Every structure is written in structure tokens, then in C-alpha cells.
Amino acid sequence: MPVFPVKVLVTGAGALLGQGVMRALERSSLDAKLIAADPSPLSAGLHWTDEAYLVPMANDPAYVERLGEIIAKAKPDIVIPGTDAELAVLAANREALERDYGTNILVSDERAVEIADDKYQTFQFFDEAGFRAPASARPENAEELRRVVETVGFPLVVKPRRGARSIGVSVVNSQAELDAALAGREGLVVQECIGTDDGEYTASVVVFDGKPRASIVMRRDLRDGNTYRAFTEAYPELNEQVRAFGAALGPYGPANFQFRLDREGRPCVFEINCRFSGTTPLRAAVGFNEVEMCIRHILFGEEVTQPNIEHSTILRFWSEIVVPPSQVEQLG
């Protein structure tokens, strides 16, 4: 069993996700030593801790070997990925990394990661599981696309099957706009447009051994695809649905579901993050510290318990850090 302080290696120290995990750790009651990693020496999160390392990009063949070198040197008790790009490679190498270096990698299996990574597979997952999902079509399947257009009509949403935030996403209101949005592009999905901007939710559930242990639902306002205002309430019915989603997906630890309500008030999930999410520090701020929950369960066998969630408004803002050039050069 690990001893205190617990050593936690967080990758993606330059990403909103990685930095959010680090901030959640700072809010926790754990006696933790934070270790950070990122490809760029100019990543702010690398300068929040005394122990930081550079890694290649996740698609670099040298990534896994370099991460192994860092684990061997830093000896973290647990490794938490802080970017989407690392999930697939860590899921594929989790067993070997844990065996070879005596650590824990907080990543779900390849099946769950792939379902979350591909928005068409996300639709298939929910549809096959009997949950409400936005009608979806692959543009290269003409019959499938025609059926969605005829069934739900316009507006429709065109987005990359693999992507984050609102990058490459457009709303089309006619066949001409749809044709223009699809022209010259590949790897897209066309989806039913559900609800309105003021009825969007982000929810997270912690699952171990296929059992949902804790969950939280927040209504949110978006800016540039990221949550910048969030509102918490008990939402008992929505939490029940989110727990059902988590049980069906079966992640290892955290999963994040983003959804809107359809005309019947049913949650319609359009995106899964099979990991912590950019709103992790917001949830920690209102007492739902999923990072601490997962670490305590994995390292110490502690049960995950459902915190009480009070009605709150969370406002997000920018901050800064000043770094001496010598500190950047030392990392580079």
C-alpha cells in the first residue's frame, strides 16, 4: 500500500483537462506530491510543481518508452492522463506499464475509450443500450443520411466524429447548407439538433467494477466549447439516468456525459468523455472531488460515497503565472 505523501503524475499539464485534475488535487484532503508532464516547456502546469518532465506527443512512437522512464524515475503511485490524445495509447499499454513499473494508470479499457472517442460510436452505444440518442448519420452512407434528414429535419449539427469542444462544428438549416458543410471533408457525423443552448448539461459519474458509486449533474453555459458558468442542483432524476449511462459504459473510474433535454425532458447525450473532464475542478469546488475519490479507492481501497450537492453557481475566470526564462530553459 502506498505511503504518504501519495505521488500523483498528471500528464497534459498544458491542457485544460490536465490542469483541472491538478487543481482538484490541490483542493483535496490528500497528502499528495504532484508530478507534472507535458510536451511543451511553456505549459503552465509544469511550473506549478517542483517535479516536472517533458514527454513526446502521444502519437509519437517514443511516447510510451519516455513515459516509462519518467515513471521509473519519479515512482508515482498513480498516473492520470490529462489529454484525450493519450487515452487510447495508455489503455492499450496500461497492463504492461502497471506490471513493469509498479504503478497504477487511471484509464478505462480500450472499448470504453473508443466508444467515447468516436461520436458515431457514441450514438450507436446509446441507441443499442436503449437510451435516447440524437439521430445520427455518416455522410458517406447516403441512405442513412437521407433517413435522418427526412425523420428529424433541420436544423442539423455537422461535427467531426473525433474531436473536442466546438472545433469544426456547424449548425445547418437547409439541404444547401448541409451540402456546403460536408463538401471536401471526411470523418464527419451529422446529428439531430437537440434542445437549446440554455438547456445543456455536463454530468460525471464514478464507476468501479461496473457499479456507479457517485454522480453529479450541472447545467452549464458555454464559451468557445468550454464551460465557463455552471449551476448545480440535486437533479435526482437526471442523476439516476447518468448512473444508468455509467453502468452501461463500464469505465474504470470517471466518465463525463454531456447532454441536452429533448422535448419530452429526456437527457439526450451527444458526447462522452471517458476520463475526468474540463469541469472536474468546478465539481471539486462544490464538494464533488472525483479525482480524490478515485485515488482513495484505487490506492487505499476506500469506498466511494455520494457527496451532498448544494445549489450553487460557479463562475470561471482566467489566471496567470510568471515564469523566469531560466526555469523554462531548464525544462527544455
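Above this text sits the structure in question.
**Focus: the packing of aromatic side chains**
A complete count under the given rule lists 10 aromatic pairs for this structure. Centre to centre, the rings of Tyr120 and Phe123 are 5.6 Å apart; their planes meet at 50°, and the pair counts as tilted. One end of the pair, Tyr120, and the other, Phe123, are both in helix 5 (residues 119–128), three residues apart, so they sit about a helical turn from each other. Like Phe123, Tyr120 is buried. Here Phe131 and Phe245 contribute two aromatic rings whose centre-to-centre distance is 4.9 Å and whose plane-to-plane angle is 85°, an arrangement assigned as edge-to-face. Highlighted residues: Phe131 in the loop between helix 5 and strand 6 (136–137) and Phe245 in helix 8 (residues 236–249), separated in sequence by 114 residues. Given a relative accessible area of 18%, Phe131 falls into the buried group.

**Considerations on helix 8**
Helix length check: helix 8 (14 residues) gives 20 Å between terminal C-alpha atoms against 20 Å at 1.5 Å per residue, within 8%. Packing partners of the buried residues in helix 8 comprise helix 4 (110–117), helix 5, strand 10 (200–208), strand 11 (211–223), strand 13 (253–261) and strand 14 (267–273). Positioned one or two residues after helix 8, Gly250 has a phi angle of 65°, which is positive.

**Side note on the packing of helix 2 (residues 63–74) against helix 3 (residues 87–101)**
Packing of helix 2 against helix 3 leaves a shortest axis separation of 11 Å and a crossing angle of 35°. Between helix 2 and helix 3 the crossing geometry is right-handed. Contacts from Tyr63, Val64, Leu67, Gly68, Glu69, Ile71 and Ala72 of helix 2 reach helix 3 at Val89, Leu90, Asn93, Leu97 and Tyr101.

**Focus: the pairing of strand 1 (residues 6–10)**
Among the five residues that make up strand 1, four are buried, leaving the element largely enclosed by the rest of the structure. When strand 1 meets strand 2 (residues 32–38), the two strands line up parallel, connected through five bridges. From the neighbouring strand, Leu9 faces strand 2, where its bridge partner is Ile35. In this view, the connection linking strand 1 to its parallel neighbour strand 2 by way of helix 1 (residues 16–27) has right-handed handedness. Across three bridges, the pairing between strand 1 and strand 4 (residues 78–80) is parallel. Within the sheet, the bridge partner assigned to Val10 lies in strand 4 and is Ile80.

Cut-off values and rules
Residues numbered from 1 in each chain as written. Predicted model: local features only at pLDDT ≥ 70, side-chain atom pairs only at ≥ 80, totals over all residues. Heavy atoms only, no water. Phe/Tyr/Trp six-rings, centres within 6.5 Å; stacked < 30°, edge-to-face > 60°. Helix = DSSP H or I, 4+ residues; strand = E, 2+ residues; numbered from the N terminus. Buried < 20%, exposed > 50% of the residue type's maximum accessible area, 1.4 Å probe, protein only. Expected span 1.5 Å × (residues − 1). Contact = heavy atoms within 4.5 Å. Axes fitted to C-alpha atoms, helices over the stretch in contact; angles between N-to-C directions. Left-handed = near helix turned anticlockwise from the far one by under 90°. Pairing = 2+ DSSP bridges. Right-handed = clockwise from strand over helix to strand, strands pointing away.

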